[in-house]
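These are the residues of each chain, in order.
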Amino acid sequence: MPVILQTRLPDAQTGTPGLPGTGPCGADDWLLMDEAYAPQMVYREALLADRPEAVFYQSEAARPAAAELLSEALTLLPRFGFTLGADAVVCPDGRKVTLDRSQPLWTLAHLVQEDLCILQKRGDEHVLTAAALCFPANWRLADKIEQPLTGIHAPVEEYDADIARRVQRLFDGVRAGRPLWRFNKLRYADADLHQPRRRETGSDMPFIRSERQCILRLPESDAVVFTIHTYVVRDGDAPA
């Protein structure tokens, strides 16, 4: 596995995160690009090519939301140095990605660093109906497909009934154009970005892994998107 590290964590991702621990996010700040873009995208493309069943899922019900998400993302990409054409996008690392609007989430997964989860309201809860999840941290996409929020978070000890109600209220209450964000931060023994099962080899935990997670509502489909931008740094490069 490749070791892909950022030089440091963002200043905003300091301290000890809580649950749910969300705050307001800029309307256009749910996508980011950092110095690890090129190597992360090489790894993402390899996972999508070699293990698509492990890192990608899209139901037919989620296709309109995925198409809307691609359109929203395309409006933001030029500020990061992407060149948009009628049929393809040239990325900052020089890759040319075919703009296949019949496979919107698959296309977007080849363009951005973020993992992307689409959740749609069914009954009282939001259900995971599509995802491009190349860099999981101790969870498998196959276990979460078509699961509601409570099922997705079932193994998390801190995710009790009170937290579950608060998170569901966040997903119900997030407004289009007013996304929310939070972060987590954990020590890891292994720097691999793709860890559906966390690998710990002893007391030596030299890496800090932090996810910047955004929650946004798509105005037309009313779906909620959960984005994950993953940082991994060596201990000492992370703010306290």
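Residues numbered from 1 in each chain as written. Predicted model: local features only at pLDDT ≥ 70, side-chain atom pairs only at ≥ 80, totals over all residues. Heavy atoms only, no water.

Student: Explain the sheet that holds strand S2 (residues 56–58) to me, please; I cannot follow it from the model alone.
Tutor: In a beta sheet, neighbouring strands are held together by backbone hydrogen bonds and run either parallel or antiparallel to one another. Taken together, seven strands build an open sheet; the order of strands is S1-S8-S9-S10-S6-S7-S2 and the sheet is antiparallel. Bordering the open sheet on either side are strand S1 (23–24) and S2, each of which pairs with just one other strand. Sheet analysis places strand S8 (residues 180–188) next to strand S9 (residues 207–217), joined by nine bridges and oriented antiparallel. Paired with Tyr-188 across the strands is Phe-207, a residue of S9. (Pairing = 2+ DSSP bridges. Helix = DSSP H or I, 4+ residues; strand = E, 2+ residues; numbered from the N terminus.)

Student: Explain the pairing of strand S7 (residues 125–132) here, please?
Tutor: The side chains of a regular strand alternate, first on one face of the sheet and then on the other. The element S7 is largely enclosed, with a buried count of seven among its eight residues. Pairing of S2 with S7 involves three bridges; the strand directions are antiparallel. Across the sheet, Phe-56 pairs through a bridge with Ala-132, a residue of S7. Bridge count between strand S6 (residues 115–122) and S7: seven bridges; the pairing is antiparallel. Bridge pairing in S7 links Arg-122 to Glu-125. Between S6 and S7, which follow one another and run antiparallel, lie two residues, and Gly-123 among them has a positive phi close to 65 degrees. (Buried < 20%, exposed > 50% of the residue type's maximum accessible area, 1.4 Å probe, protein only.)

Student: In this structure, what is going on with unusual backbone geometry? I would like to understand it.
Tutor: The phi torsion at Asn-138 lies on the positive side, around 70 degrees, for a residue other than glycine. For Asn-138, the position within the fold is in the loop between S7 and helix H5 (141–144). In this structure, Asp-222 is a non-glycine residue whose phi angle is positive, near 70 degrees. Looking at the secondary structure, you find Asp-222 in the loop between S9 and strand S10 (224–234).

Student: What is the right way to look at the packing of aromatic side chains in this model?
Tutor: One pass over the full model with this rule turns up four aromatic pairs. For the pair Tyr-43 and Phe-135, a centre-to-centre distance of 5.8 Å together with 40 degrees between the ring planes defines the contact as tilted. Here Tyr-43 is found in helix H1 (residues 37–50), whereas its partner Phe-135 is found in the loop between S7 and H5, with 92 residues between them in sequence. Residue class for Phe-135 comes out buried when judged on its relative accessible area of 1%. Arranged with centres 6.1 Å apart and planes meeting at 25 degrees, the rings of Trp-181 and Phe-183 form a pair that is stacked. By relative accessible area, which is 18% here, Trp-181 ends up buried. Its guanidinium or amino end placed over the ring of Phe-135, Arg-44 lies 5.4 Å from that ring's centre, counting from NZ or CZ. When the ring centre of Tyr-188 is taken as origin, the NZ or CZ atom of Arg-209, which lies over that ring, is 5.7 Å away. (Phe/Tyr/Trp six-rings, centres within 6.5 Å; stacked < 30°, edge-to-face > 60°. Lys NZ or Arg CZ within 6 Å of the ring centre and 35° of its normal.)

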